[in-house]
Amino acid sequence: MVISDLRLPGKSGIDLLRQLRQDAPDTQVVMLTAHASVESAVDAMRLGAFDYLEKPIGSPAELRLVVDRALEKRGLLAAKEQALRTQDSVDALSYGAETMQPVVAAAERVARTDATVLLLGESGTGKEVLARAIHQQSNRRDAPFVAINCAALSSHLLESELFGHEKGAFTGAHARRQGRIELAEGGTFFLDEIGKTRAGCDKLLRVLQDRRFERVGGSRTLAADVRWVAATNRDLRPGDGRGNFREFVSSARSVPHPLAPLRERREDIVPSRTP
């Protein structure tokens, strides 16, 4: 993104904005000026400026908030572009392996529904590829596909990444931040390695079951309009002694067979097209 004064040496901010719209149309631009006028504000917004601020700005926090909002918008646009770019190019799930036939058939059936889906299989078997294929064949294909690896984050970081936070929720939270669930609005959210989620993720269980959540440090309840797809490399069914995700697992529609590793489906190892 770009933060620019309206008056620049040798060029106006409006000229710069016009050039950015031509050369880098995805760039979010915030215009600053001590010489505000209705005409310049209208010109800036007509050319696609994200915001138009009059100097002096109230505080650094005010500018940070505007920047955060601009970057959130850019993230949403990027996610939508990715969804549109991939919707017509679904990766092949199999090239004829017999063990993958029931998996592919189940994925095609469940993609037409809005059901929560649980995918099983060893690490590296292509669970995220399968999740993307389900998304691309669903009625949510035009909305974002957002993925997060539950095993890679601590409980605190996972909570902030998923739900976002309000200004002042913790040290360093200088402005409100949307979480990934909000960025996936209307689309599909993929929770990879959900079985390795750190302890203390009651909020994750709640949003999976009730589809409602609050940002960290917030009190307003938000709706989670996403389709959940989760993946794990270990058995999470009731009776396995783990227990935390029993209700979620019992309500999810599991793809009937775990994804087999490539060593068991050598038909899916195809020659590279790269010379």
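Residues numbered from 1 in each chain as written. Predicted model: local features only at pLDDT ≥ 70, side-chain atom pairs only at ≥ 80, totals over all residues. Heavy atoms only, no water.

### Observations regarding the side chain of Asp192
Applicable threshold: Secondary structure elements are taken from DSSP: a helix is a run of H or I of four residues or more, a strand is a run of E of two residues or more, and numbering for both begins at the N terminus. Throughout, exposure labels follow a simple rule: accessible area from a 1.4 Å probe, protein chains only, divided by the maximum for the residue type, with under 20% read as buried, over 50% as exposed, and the rest as partly exposed. In this tally Asp and Glu are treated as negative and Lys and Arg as positive; neither His nor the chain ends contributes. Salt-bridge detection follows one rule: a side-chain nitrogen of Lys or Arg within 4 Å of a carboxyl oxygen of Asp or Glu. Throughout, a residue-residue contact means that at least one pair of heavy atoms, one from each residue, lies within 4.5 Å.
Tracing the backbone through its elements, the reader meets Asp192 in strand E10 (residues 188-192). The buried charged residue Asp192 lacks any salt bridge partner; its closest oppositely charged side chain belongs to Lys127, at an N-O distance of 5.0 Å. Beyond its immediate chain neighbours, meaning those up to four positions away, Asp192 contacts Lys127, Ile148, Asn149, Cys150, Ala151 and Ala231.

### Regarding the confidence of the model for the protein chain
Caution is warranted with low-pLDDT regions, since their predicted coordinates should not be read in detail. We count it as follows: pLDDT gives the predictor's per-residue confidence on a scale running from 0 to 100.
Per-residue confidence for the protein chain averages 80 on the pLDDT scale, and 82% of its residues sit at or above 70. Across the protein chain, the secondary-structure element scoring lowest on mean pLDDT is helix H9 (residues 246-251), at 61, and the one scoring highest is E10, at 92. In this model residues 239-243 is a low-confidence stretch, pLDDT under 50, and it forms four contacts with partners more than four residues away in sequence or in other chains.

### Topic: the sheet that holds strand E1 (residues 2-5)
Quick note on the threshold: At least two bridges found by DSSP between two strands is the condition for calling them paired. The axes are straight lines fitted to the C-alpha atoms, using for helices just the contacting stretch, and the angles between their N-to-C directions are given from 0 to 180°.
With parallel pairing, three strands are arranged side by side in an open sheet as E1-E4-E5. Each having just a single partner strand, E1 and strand E5 (51-54) make up the two edges of the open sheet. Neighbouring strand axes in the sheet, compared pairwise and without regard to direction, differ in orientation by 20° on average. Strands in contact with helix H1 (residues 13-23) are E1 and strand E4 (29-33); relative to E4, the strand with the most contacts, it is inclined by about 175°. This element, helix H2 (residues 38-46), spans E4 and E5 of the sheet and lies at about 150° to E5.

### Some words on the packing of helix H6 (residues 155-163) against helix H8 (residues 202-210)
Applicable threshold: Classes in brief: Ala, Val, Leu, Ile, Met, Phe, Trp, Tyr, Cys and Pro nonpolar; Asp, Glu, Lys and Arg charged; the others, Gly included, polar.
With their axes 10 Å apart at the nearest point, H6 and H8 run at an angle of 35° to one another. Note on element contacts: H8 touches H6 through Lys203, Leu204 and Val207, opposite Leu158, Glu159, Leu162 and Phe163. Residues that form the contact of H6 with H8 fall into these classes: five nonpolar, no polar and two charged.

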